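Analysis of the macromolecular model
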Amino acid sequence: MTAYRSILLVVLGLAALPLAAPALVGAGIFAGANTLYNLMVFVLIIALAAQGWNLAGGYGGQFSFGHAAFFGTGAYAQAILQTRYGINPWAALVAAVALGALVGAVIGFLAFRARLRGSYFALVTLAFAEVFRILANAAPITGGAAGTLVPLDVRWANLQFASREAFYYLALAFVALVLLLNRLVERSRFGTYLVAVRENEDAARALGVDTLQVKLKAITLSAAITALAGALYTQKFLYVDANIAYGAWISIEALLAPIVGGIGTVFGPLVGALTLIGLGEAAKVAIHALFGSAIPGVDLVVYGVLLILVIAFAPRGVIGLLDRRAR
Amino acid sequence: MLNVEGVTKRFGGLVAVSDVSMTVAKGSISGLIGPNGAGKTTLFTMISGFERPTAGRVLFEGDDVTGRPPEALALLGIARTFQIVQPFAGLTVRENVAVGAYLRHPRREEAFARAEEVASLVGLADLDRPASALTVAGRKRLELARALATDPKLLLLDEVLAGLNPSEIRDIVPVIHAIRDQGVTILMIEHVMQAVMSLCERVHVIANGRTIAAGTPAEVVSDPQVVEAYLGQGAAGRLAGRAVHG
Ligand SMILES: Nc1ncnc2c1ncn2[C@@H]1O[C@H](COP(=O)(O)OP(=O)(O)OP(=O)(O)O)[C@@H](O)[C@H]1O
Ligand SMILES: [Mg+2]
């Protein structure tokens, strides 16, 4: 049971945020409770997208540069299904995840059957995401360049909440669920096969592992989780356009968070998302205090520096550092 | 159990294996020997499905399995080890062996239990270590354990003794006997002649991709063609001359 206790502790810790909120706001770290919750929901959404990436990329070694393809599909499905087809947002959420999984399965099938590996696989996923972005920017159904607005209609049945905490808890529940799923995968045949495929495909095949099937399963599950993140994004911010949905930014966040946090670990994506976004925000605040105005793109500079530091000094990410400390 | 019929493999202009035929009897330990670059590993890659023969057939238990992928052959009961050991570095020793055991035991507890059985049979201890922490001898045992954990009918061993010192070899030879005694047929590529002599009932010799001899170990080592393949042109004659005069 110890394998699951850490998940319980982390989730309980995050669930206690509302208790700490007044103190954090009072100390002047956050401008207000709204800012805090918006930021934390954003962190959880990125964590979720990154958890998806980590499954195929971290455990399976299939590095994608194009997880935007899945995030965007989830985000658009969530927006379009309710605005154009009048589908209930809860049902849309399920459909968005299913569509994301489908897109993952199709891209995976095309790429893996062609035996694409390493940087070739990364480039193909990137190309898919870019094509989707260009199409979404032009197609009428997505609202083209103007994007799609989800009308404000605050009702539980509508997946819109009056209380700030509610959406935070919803996002946290999904992150917790995926943490659990991750642990289950780690302890299953599929999870062990996935790592075997990452380490050495030929050796895995010699032991009877159907590597194509393992990779397909991984990318499908991975895409479904990242699509869930996209759908939540739409539901939180009630707006989506091509650059949000299919933009390179989310592909980068989804792969950087696990690398910074600890690649191929259960908590890596969550820790990475907290670190990345936390430091990015801190840098913005610091710059604002120093120069009196914002410098656009400063968070990207922070990400770049973090990536270099991690690669040079902490190949196992923040989790690896903590692990070493603990011993 | 295994019939290789006229198998040939070309890589561009190079003929790595040329029209080789051999039979491995059920329950036997057979050897495949030959000088470096003879085509032994290439023959294994074709039997285990990693490469498709340019010509010829591979029959396993009477069925034509030529060109089937390795994962399908593993399921049928053909397992191989790699000459260059390939541990899954990110997994523990136990998990490495479990990758093999999962083939017939989908549940974690059962796969781990089988992995532990196999590990103790080949003399692997300390199963919670990362596989990357193993010594050369440890890696060879792991390679063996993983393949064995798939519960194969036919086990192809590619130089499992290479790189081991004499005492390590003495330790592992009885393990190979024990595996056979559990009903696994073994075909082994081996350079360590002392082990070939003590383990193998039949030996197949290839040089430059062609069969040059086949028979019991005693027969093949006295075959002039084999001696020449190993020691160079005319060596058999010189040795024979020395034997007469000395
Ligand atoms: N994939 C490949 N592409 C091209 N040539 C190859 C390939 N694999 C093997 N060869 C060549 O085929 C020949 C036979 O190689 P192989 O590895 O089968 O020899 P071997 O008998 O196992 O030798 P050793 O005892 O050194 O392991 C060699 O000349 C080798 O260079
Ligand atoms: Mg060889």
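Note that the structure is predicted; figures quoted are calculated from it, not measured.

**Examining the overall build of chain A**
Within chain A, the secondary structure is distributed over 15 helices and two strands. By the compact-globule yardstick of 20 Å for 327 residues, chain A fits well, its C-alpha radius of gyration being 19 Å. Oriented by its inertia axes, the alpha-carbon framework of chain A measures out at about 60 × 55 × 40 Å. Taken over 327 residues, chain A has a buried fraction of 52%. Once local pairs closer than 6 in sequence are excluded, the contacts in chain A between residues at least 24 apart make up 76%. Surface summary for chain A: the accessible area is close to 14200 Å², and the carbon and sulfur share equals 69%. A gap of 6 Å separates the mean positions of the 21 positive and 13 negative side-chain charges of chain A.

**Focus: the sheet that holds strand β3 (residues 29-33) of chain B**
All names here are of chain B. Strands sit in the order β6-β7-β8-β3-β9-β10 across an open sheet of six strands; the sheet is mixed. The sheet is open, and its two edges are formed by β6 (78-80) and β10 (210-215), each paired on a single side. The mean inter-strand angle of the sheet, taken between neighbouring strand axes irrespective of direction, is 15 degrees. Of the pairings in the sheet, the one linking strand β9 (residues 202-207) to β10 comprises five bridges and is antiparallel in character. In the strand pairing of β10, V205 is matched with A213. Sheet contacts for helix α6 (residues 166-181): β3, β7 (154-158) and β8 (185-189); angle to β8, the most-contacted strand, approximately 145 degrees. With respect to the sheet, helix α9 (residues 224-231) is in contact with β3, β9 and β10, its orientation differing from that of β10 by roughly 130 degrees.

**Brief notes about the coordination of the magnesium ion (ligand 2)**
Ideal geometry at a metal gives 109.5 degrees between four tetrahedral donors and either 90 or 180 degrees between six octahedral ones. All names here are of chain B. Within the first shell, the magnesium ion (ligand 2) binds the protein through T41 (OG1) and Q83 (OE1), at distances of 1.9 to 2.1 Å. Taken together, the residues span a long stretch of sequence, with T41 in helix α1 (residues 40-47) and Q83 in the loop between β6 and α3 (93-101) at a distance of 42 residues. In this structure Q83 comes out as partly exposed when scored by relative accessible area, which is 33%.

**Things to note about the site of ligand 1**
Residues and elements named next belong to chain B. Near ligand 1 you find 13 residues, and of these G37, K40, T41, T42 and Q83 are the closest. Contact between ligand 1 and A38: an oxygen atom at 3.1 Å from a main-chain N or O atom of the residue. Between ligand 1 and the protein, one listed contact pairs an oxygen atom with a side-chain N or O atom of Q83 at 2.8 Å. Considered on its own, ligand 1 offers 630 Å² of accessible surface; in the complex 62% of this is hidden by protein. The set of elements that each furnish at least two residues to the shell around ligand 1 consists of β2 (14-24) and α1. Per element, the largest residue contribution to the shell around ligand 1 is three residues, and it comes from α1. Its residues assigned to classes, the shell around ligand 1 comprises four nonpolar, seven polar and two charged.

**Looking at a nonpolar patch on the surface**
On the surface, a nonpolar cluster with roughly 430 Å² of combined accessible area is contributed by L99(A), L102(A), V106(A), F109(A) and L110(A). Along the chain, the position of L102(A) falls in helix α5 (residues 89-113).

**Examining the nonpolar core**
The biggest cluster of nonpolar side chains holds 151 residues, and the ones touching the most others in it are L48(A), Y168(A), L232(A), L124(B) and L155(B). Sort the elements by how many residues they give to this core and helix α3 (residues 33-59) of chain A lands first, with 18 residues. Apart from the residues within four sequence positions on either side, L232(A) is in contact with I45(A), L48(A), L93(A), F167(A), L170(A), A171(A) and F174(A). Counting 24 residues, the second largest nonpolar core, distinct from the first, contains L43(B), F44(B), V65(B) and L187(B).

**Comments concerning the sheet that holds strand β4 (residues 55-60) of chain B**
All names here are of chain B. Strand order in the open sheet made by the four strands is β2-β1-β4-β5, with antiparallel pairing throughout. Where the open sheet ends on each side, the last strands, each with one partner, are β2 and β5 (63-64). Helix-sheet contacts for α1 involve β1 (2-11), β2 and β4, and the interaxial angle to β1 is about 115 degrees.

**Some remarks on the interface of chain A and chain B**
On the chain B side, the residues contacting the 19 residues of chain A number 22 residues. Summing both partners gives a buried area of about 1800 Å² for chain A against chain B, and 65% of it is carried by carbon and sulfur. Among the residues chain A hides against chain B, the three largest losses belong to R189(A), R205(A) and L207(A). Together they make up 33% of the total. Inspection of the region where chain A meets chain B yields one salt bridge. The interface formed by chain A and chain B contains five residue pairs in polar contact (both at pLDDT 80 or more). Contributing elements (two or more residues each) for the side of chain A that touches chain B: α8 (189-199) and α9 (201-206) of chain A. Among the elements that take part in the side of chain A that touches chain B, α8(A) stands out by supplying seven residues, more than any other.

**Some points on the packing of aromatic side chains**
Throughout the structure, instances matching the rule amount to 16 aromatic pairs over all chains. With centroids separated by 5.7 Å and ring planes inclined at 35 degrees, the aromatic side chains of Y76(A) and Y246(A) adopt a geometry described as tilted. With Y76(A) in helix α4 (residues 68-85) and Y246(A) in the loop between α11 (242-245) and α12 (248-261), the pair connects residues that are 170 residues apart, well separated along the chain. Each member of the pair Y76(A) and Y246(A) is classed as buried. Both rings, one in Y193(A) and one in Y102(B), keep their centres 6.1 Å apart while their planes meet at 85 degrees; by these two values the pair is edge-to-face. Of the two residues, Y193(A) is situated in helix α8 and Y102(B) in the loop between α3 and α4 (108-122); the pairing between them involves two chains. Across this residue pair, the class does not change: Y193(A) and Y102(B) are buried.

**Remarks on the confidence of the model for chain B**
Residue-level pLDDT values for chain B average 91, and 94% of them are 70 or greater. Note on the complex model: pTM 0.92, ipTM 0.91.

**With respect to the environment of R141(B)**
Residues and elements named next belong to chain B. Relative to the elements of secondary structure, R141 occurs in helix α5 (residues 136-148). Put simply, R141 and R104 are 37 residues apart on the chain and 21 Å apart in space, counted from C-alpha to C-alpha. Not counting residues up to four positions away in its chain, the partners in contact with R141 are V122, G123, L124, D171 and I172.

**With respect to α3(B)**
Within α3(B), eight of the nine residues are buried, leaving the element largely enclosed by the surrounding structure. Among the residues of α3(B), those classed as buried are V93(B), R94(B), N96(B), V97(B), A98(B), V99(B), G100(B) and A101(B). Those residues of α3(B) hidden inside the fold are in contact with α8 of chain A together with α4 and α5 of chain B.

What counts and what doesn't
- Residues numbered from 1 in each chain as written.
- Chains lettered and ligands numbered in written order.
- Predicted model: local features only at pLDDT ≥ 70, side-chain atom pairs only at ≥ 80, totals over all residues.
- Heavy atoms only, no water.
- Helix = DSSP H or I, 4+ residues; strand = E, 2+ residues; numbered from the N terminus.
- Rg over C-alpha atoms; globule rule 2.2 N^0.38 Å.
- Buried < 20%, exposed > 50% of the residue type's maximum accessible area, 1.4 Å probe, protein only.
- Contact = heavy atoms within 4.5 Å.
- Areas by Shrake-Rupley, 256 points an atom, 1.4 Å probe, with all protein chains shown as cover.
- Lys, Arg positive; Asp, Glu negative; His and termini not counted.
- Charge placed at Lys NZ, Arg CZ, Asp CG, Glu CD.
- Pairing = 2+ DSSP bridges.
- Axes fitted to C-alpha atoms, helices over the stretch in contact; angles between N-to-C directions.
- Donors = N, O, S within 2.8 Å, 3.2 Å for Na, K, Ca; no water.
- Near = heavy atom within 4 Å.
- Polar contact = N/O pair within 3.5 Å; in protein donor to acceptor, adjacent residues only side chain to side chain.
- Nonpolar A, V, L, I, M, F, W, Y, C, P; charged D, E, K, R; others polar.
- Patch = residues over 30% accessible without salt bridge, like charges linked within 9 Å, V, L, I, M, F, W, Y side chains within 5 Å.
- Salt bridge = Lys/Arg side-chain N within 4 Å of Asp/Glu carboxyl O.
- Core = buried A, V, L, I, M, F, W, Y, C linked by side-chain atoms within 4.5 Å.
- Buried area = accessible area lost by both parts, 1.4 Å probe.
- Phe/Tyr/Trp six-rings, centres within 6.5 Å; stacked < 30°, edge-to-face > 60°.
- pLDDT = per-residue confidence, 0-100.

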